[in-house]
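Chain by chain, the residues:
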Amino acid sequence: MFSYMFWNNKGGTGKTSLAFQVICRYAYRNLGQRILAIDVCPQANLSELLLGGLTNGGSKNLLERQGLVPRCSIGGYFQLRLPSPFAVPDFSVRDFLTRPAEYNSNIPENIDLFAGDPLLELQANAINTLANTQIPGTDTWVTVIDWIKDAIDQVRDQYDIVFIDANPSFSIYTQIALSTAHRIILPVMADDSSRRAIQNAFSLIYGLKLPSDIYSKYAFATKLKQADRSLPKVHIIAKNRITQYMGPASAYAAVLRSIEKDVSNLIKLEPSIFTFNNVTDGVVEIRDFQTTGVVAFARGCPFYKQPFGKLHIDGHRVQVKEDYRDKCIEAIDTLVDKL
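To keep things clear, this report deals only with the structure shown in the data block. The structure presented is a predicted model; accordingly, all values stated were derived computationally and were not measured. (Residues numbered from 1 in each chain as written. Predicted model: local features only at pLDDT ≥ 70, side-chain atom pairs only at ≥ 80, totals over all residues. Heavy atoms only, no water.)

## Concerning the packing of aromatic side chains
Our working rule: Side-chain rings of Phe, Tyr and Trp (the six-membered ring for Trp) are treated as a pair once their centres are within 6.5 Å; stacked means planes under 30 degrees apart, edge-to-face means over 60, and tilted covers the remaining angles. Secondary structure counts use DSSP, requiring at least four H or I residues in a row for a helix and at least two E residues in a row for a strand, with both numbered from the N terminus. Between buried and exposed lies partly exposed: a residue is buried under 20% and exposed over 50% of the maximum accessible area for its type, with that area taken using a 1.4 Å probe on protein chains only.
For the structure on display, the rule yields 21 aromatic pairs. Here the aromatic rings of Tyr77 and Phe114 are separated by 6.0 Å at their centres, their planes lie at 55 degrees, and the arrangement is tilted. Here Tyr77, found in helix α4 (residues 74-81), pairs with Phe114, found in strand β3 (residues 111-114); they are 37 residues apart in sequence, far enough to count as distant. Accessibility expressed as a relative area gives 0% for Phe114, which makes it buried. Relative to Phe303, the ring of Phe289 has its centre 4.7 Å away and its plane inclined at 70 degrees; by these criteria the two rings are edge-to-face.

## Things to note about the nonpolar core
To keep it simple, the criterion reads: The criterion is simple. A nonpolar core is a set of buried Ala, Val, Leu, Ile, Met, Phe, Trp, Tyr and Cys residues joined through side-chain atoms within 4.5 Å. Two residues qualify as a contact provided that any one of their heavy atoms is within 4.5 Å of a heavy atom in the partner residue.
Of all hydrophobic cores here, the largest spans 63 residues; its most connected members are Ile38 and Phe78. Ignoring anything within four residues of it in the chain, the contact list for Ile38 reads Ile74, Phe114, Ile148, Ile152, Val162, Phe163, Ile164 and Asp165. Ile161, Ile286, Phe303 and Ala331 belong to the second-largest nonpolar core, a separate cluster that totals 41 residues.

## Structural notes on the pairing of strand β1 (residues 2-6)
Stated precisely, the cut-off is as follows: Any two strands with at least two DSSP-identified bridges between them are counted as paired.
Summarising burial for β1: four of the five residues are buried, a large majority. In the sheet, β1 pairs with strand β4 (residues 161-166) via five bridges, with the strands oriented parallel. Within the sheet, the bridge partner assigned to Phe2 lies in β4 and is Ile161. Sheet topology note: the β1/strand β5 (residues 183-188) ladder contains three bridges and is parallel. Looking at β5, one finds that Met5 is bridged to Ile184.

## Some details on helix α13 (residues 290-299)
Within α13, seven of the 10 residues are buried, which leaves the element mostly enclosed by the surrounding structure. Of all the residues in α13, the buried ones are Thr292, Gly293, Val295, Ala296, Phe297, Ala298 and Arg299. One or two residues past the end of α13 sits Gly300, with phi positive at roughly 60 degrees.

## A short note on the packing of α4 against helix α5 (residues 119-131)
What counts here: All axes here are fitted lines through C-alpha atoms, helices being fitted over the stretch that makes contact, and every angle between N-to-C directions spans 0 to 180 degrees. Roughly parallel means an angle under 35 degrees; roughly antiparallel means over 145; roughly perpendicular covers 65 to 115; every other angle is labelled oblique. Note on convention: the crossing is left-handed when the near helix lies turned anticlockwise from the far helix by less than a right angle, right-handed when the turn is clockwise.
Following both chains from N to C, one finds α4 and α5 inclined at 30 degrees, their axes separated by 10 Å at the closest point. One element, α4, and the other, α5, form an angle in the roughly parallel class. The chirality of how α4 crosses α5 is left-handed. Every residue of α5 that contacts α4 at Ile74, Gly75, Phe78 and Gln79 is listed here: Leu119, Leu120, Gln123 and Ile127.

So far we have only geometry, and geometry alone does not tell us how the molecule works.
Here is the structure:
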């Protein structure tokens, strides 16, 4: 079982929208494989999309799952772990999983979902406190970091690929997710804040360019290496929302070239944290989805199932052009081809 994580510590990079389309497209192109989507985000946007989106009851369906006993979500699972943080309790991870296709016919049947939950924000302080508890003979941080691993270990032979979506933070639950991932898909935008976010991401995950050695002792990478655990590697940098109007001389293109230069320098200095040796092999350009994306996400619908023509969305009449929809599919396929 192999795992990919969509993550950037900057918001607004289109991470969840990419995750939704990539997960669905990968599952559709690999119907013989079993896919597990894990939504480690308090906003649970990926879960709402998979369960129906805005117009097809995604929010209502998610609330229904969260209202079960046990609570059918990542928050429900963490709620189970809080009283037993350092010993794995008797549980079945299946109690916390959902089959999105049972709620949303647009979703391939080979996808299961570990749904997101706003409880994560409430739980974060308690989880962080537990992770830093001093108990002789017990590495409490590693034990807590393994919570998701403990869950998927039960079904490791039942899934081929795990996709993880996490919110733009480096909270303890984000670290729990990152420690489970083998590869990272890092979406970026054409702005200076994305450039800084990439630098911050490498600092947070790999401990690069920390402002002082004082922080090294407490760094995520240091703790994981001390526990003899592998760090996830950067597999794809997705230059997201590239438009057809971005010429090579535009200010946007200049920023993206700067990002590529930064990454290229990092490859030379720290080649072990990447799966590619040349920056061009690890970069994928994703066009702006525009109206096609708005409609698809409102309907909880992958692009490849998105009808074209005039549609009604939440009382509004919109038009999806066939050629643009097809270009959106091509863009997602470019990324899926690299998985």
